[in-house]
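Examination of the molecular architecture
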Amino acid sequence: NLLCFGKFEVNLYKKYKIKVKNFFVVGSLRLANFNYYLKKFKINLKKDKYDICLVAESFTGRNELFGKKDFEEKAVLLIKFVIKFCKEHNKKLVFPLKYSNKNSELTYFRKYLTSEEYNVLIKKSLKRKDDFSTYLTMSQSKVSVGIISTILSEMLAVGQKILSCNFTGHTAWDFPLQGICQLNNNNYNEFENRVIQLLDMDFQEYETSLSNKISYLIHHDPVNSTIQKLKKRILELTY
């Protein structure tokens, strides 16, 4: 029995002939927990608090793992592009950290960034306070930019514009949906034009420019929570 995000995973497992008897599309538990967190603590989101949210992703050891000498360097190109864009267009950038140890996470990028870029990254970084720090920050940003972090899909499901940029040349890191949400050509001018386009459009227009429905990638039902669906399904499978 596999409880999954959406139909995309069902098709993916079938494509690679992974044997699963029963698929249950339930959505994201972490996203449901975030929504519960907002309600429990009566948190009001400040829309458009930031222009660009740079999603932190770990690249450590990826050169060896994928057998590519420049995988990490190409992945960090995204950080360089985002910093350059925000500087040139006077946009408010935020970088919510993935881990609680701020120093070790930021130090990793030092070898790939100039001193100026590195200082900007430090200045714009936001310390991780709890499990929902990044969710909260992305929910208050006009556009969130990353590579393929699951949180990109989750934010897409709740009406947040995202841009997935895989500049590594490794197709395993391609975002599942294509269209305006995806950019794989590591050309700054193309990146610049795409982000300007995203900042200027509303979500309805954005959604129509995707290669498939968002619900295909990740199911989200604000009324019937994934938490309740999981509880129900576990009870049914247990007894």
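See the structure above.
Here is a short report on the structure shown in this document. (Residues numbered from 1 in each chain as written. Predicted model: local features only at pLDDT ≥ 70, side-chain atom pairs only at ≥ 80, totals over all residues. Heavy atoms only, no water.)

1. Some words on the sheet that holds strand S5 (residues 125–126)
- The sheet built from six strands is open, its strands ordered S5-S4-S3-S6-S7-S8 with parallel pairing. Whereas interior strands pair on both sides, the edge strands pair on one side only; in this sheet they are S5 and strand S8 (182–183).
- Where strand S3 (residues 50–54) and strand S4 (residues 93–96) come together, two bridges link them in parallel fashion. When the sheet's bridge partners are listed, Ile52 is paired in S4 with Leu93.
- Sheet contacts for helix H8 (residues 150–157): strand S6 (141–146) and strand S7 (161–165); angle to S7, the most-contacted strand, approximately 155°. (Pairing = 2+ DSSP bridges. Helix = DSSP H or I, 4+ residues; strand = E, 2+ residues; numbered from the N terminus. Contact = heavy atoms within 4.5 Å. Axes fitted to C-alpha atoms, helices over the stretch in contact; angles between N-to-C directions.)

2. So, a nonpolar patch on the surface
- On the surface, Leu12, Tyr16 and Ile18 cluster together to form a nonpolar patch covering roughly 290 Å² of accessible area.
- As for its position among the elements, Tyr16 is in the loop between helix H1 (7–15) and strand S2 (23–25).
- For Tyr16, a relative accessible area of 54% puts it in the exposed group. (Patch = residues over 30% accessible without salt bridge, like charges linked within 9 Å, V, L, I, M, F, W, Y side chains within 5 Å. Areas by Shrake-Rupley, 256 points an atom, 1.4 Å probe, with all protein chains shown as cover. Salt bridge = Lys/Arg side-chain N within 4 Å of Asp/Glu carboxyl O. Buried < 20%, exposed > 50% of the residue type's maximum accessible area, 1.4 Å probe, protein only.)

3. Some thoughts on the pairing of S7
- Across the five residues of S7, five count as buried, placing the element largely inside the fold.
- Burial along S7 is two-sided: Lys161, Leu163 and Cys165 facing one way and Ile162 and Ser164 facing the other are all buried.
- Each parallel crossover has a hand, and for S6 linked through H8 to S7 it is right-handed.
- Taken together, the two bridges between S7 and S8 define a ladder with parallel strand orientation. The residue of S8 that forms the bridge with Ser164 is Gln182. (Right-handed = clockwise from strand over helix to strand, strands pointing away.)

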